[in-house]
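# A structural walkthrough
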Amino acid sequence: MPPPVLDRRRLRDLAFWRVEVKAETASTNTDVIEQAKSGADEGVVVIAESQSAGRGRLGRTWISQPSAGIWLTALLRPKVESARWGWIPLLAGVALADTVNDLHGVKADLKWPNDLLIDGRKCAGILAEVASPGAVVVGVGLNVWQRSADLPMTATGLPATSLRLAGVLDADRTALTIGFLQRLRERYESWQQAPESIVDPYRQRCATIGRDVRIMLPDNRQILGEAITVDDDGRLVLRDEQEQLCPIAAGDVTHVR
Ligand SMILES: O=C(O)CCCC[C@@H]1SC[C@@H]2NC(=O)N[C@@H]21
């Protein structure tokens, strides 16, 4: 039996968010970027039961089978200066890890910057994109009902998982969506009032800190070292093989030990 579809009625009454559920679309990020460019207000959320061209970080595709996961994008218009927006996908990661933990008692943590890991496997990813001046979209893909055969190996060799594979057999995608959007709003509002308030909660959930890592940088250079911390700008601070401290703003991290 296919998983149940989202309950649109329960998604209607959320404070702050205005949710639109589509049966199918190419990419919810693309949809919300278009709305942002047309002047849509903060708080628009598009959720699709299925995406035909879901996009991941670093130009990858995101497989989004019908009703198997949560595929959504939210529009934000932060009042915080844009130099700090790098925190937005990270605070969304914190909200998502807390949702999974609070609703299902599953310990989820974050591989920097914002891959949601359960038992070291990737269960969710987040793609934030600047849509237009003043507007950022936050796209979230959370695997819920997939079996092993449905899940691709990620490009870096990190195995994927779903809540079902992590032992959650009673997931309610509507409740997870509501729980996530509520927590995202709370984290977002606290961050706008006090941007530094997200730093410690993020560090506490970041599984990369303290690990030996290999990082593929956007220019395809690789760098090895030990992840020391995440700084106040959300950058991963690496102690490289020459013992130099290097703050990394973007890249694809593999935990090697
Ligand atoms: O590469 C990653 O880890 C990020 C994946 C983000 C996927 C989500 S699914 C909903 C939204 N729409 C997209 O096209 N991508 C994001």
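In this text, all values refer to a predicted model and were calculated from it rather than measured experimentally.

### Some remarks on the environment of Pro3
- Mapped onto the elements, Pro3 comes out in the segment before α1 (8-12).
- Residue Pro3 is classed as partly exposed on the basis of its relative accessible area of 23%.
- C-alpha separation for the pair Pro3 and Gly69, spaced 66 residues apart in sequence, amounts to 9.3 Å.
- In this view, Pro3 contacts Ser67, Ala68 and Trp145; residues no more than four positions away in its chain are not counted.

### Observations regarding the domain arrangement of the chain
- Under the domain assignment used here, the chain contains domain 1 (8-203) and domain 2 (209-255).
- One C-alpha centre belongs to domain 1, the other to domain 2, and the line joining them spans 24 Å.
- Summing both sides of the interface, domain 1 and domain 2 together bury roughly 1,200 Å²; the carbon and sulfur share of this comes to 54%.
- Per-residue buried area on domain 1 facing domain 2 is highest for Lys111, Trp112 and Arg203; these three make up 53% of the total on that side.
- For the pair domain 1 and domain 2, the number of links is three salt bridges.
- Notably, a salt bridge pairs Arg60 with Asp252, separated by 2.8 Å at the nearest N-O pair.
- On inspection of domain 1 and its partner domain 2, the count reaches eight residue pairs in polar contact (both at pLDDT 80 or more).
- Among the secondary structure elements, those contributing two or more residues to the side of domain 1 that touches domain 2 are α3 (87-104) and α5 (199-205).
- Broken down by class, the residue content of the side of domain 1 that touches domain 2 amounts to eight nonpolar, one polar and four charged.

Calculation notes
- Numbers given to residues run from 1 along each chain, matching the order in which its sequence is written.
- In keeping with the predicted nature of the model, local features appear solely for residues at pLDDT of at least 70, side-chain atom pairs appear and are counted solely at 80 or more, and the whole-chain, interface and lining totals rest on all residues.
- Values shown for side chains rest on all heavy atoms present in the structure; no hydrogens or waters enter the calculation.
- Only DSSP runs of H or I covering at least 4 residues are called helices, and only runs of E covering at least 2 are called strands; the numbering of each starts at the N terminus.
- Working definition: with a 1.4 Å probe on protein chains only, accessible area under 20% of the residue-type maximum means buried, over 50% means exposed, and in between means partly exposed.
- Contacts are assigned to residue pairs that have any heavy atoms within 4.5 Å of one another.
- In this entry, domain limits derive from an automatic or database-based domain assignment.
- Buried area is a sum: the accessible area each of two parts loses on coming together, probed at 1.4 Å, counted once for each and added.
- Here a salt bridge means any side-chain nitrogen of Lys or Arg lying within 4 Å of a carboxyl oxygen belonging to Asp or Glu.
- Counting of polar contacts relies on pairs of N or O atoms within 3.5 Å, with two restrictions inside protein: one atom must be capable of donating a hydrogen and the other of accepting it, and residues adjacent in sequence are counted only when both atoms are side-chain atoms.
- Residues are sorted three ways: Asp, Glu, Lys and Arg are charged, Ala, Val, Leu, Ile, Met, Phe, Trp, Tyr, Cys and Pro are nonpolar, and all the rest, Gly among them, are polar.

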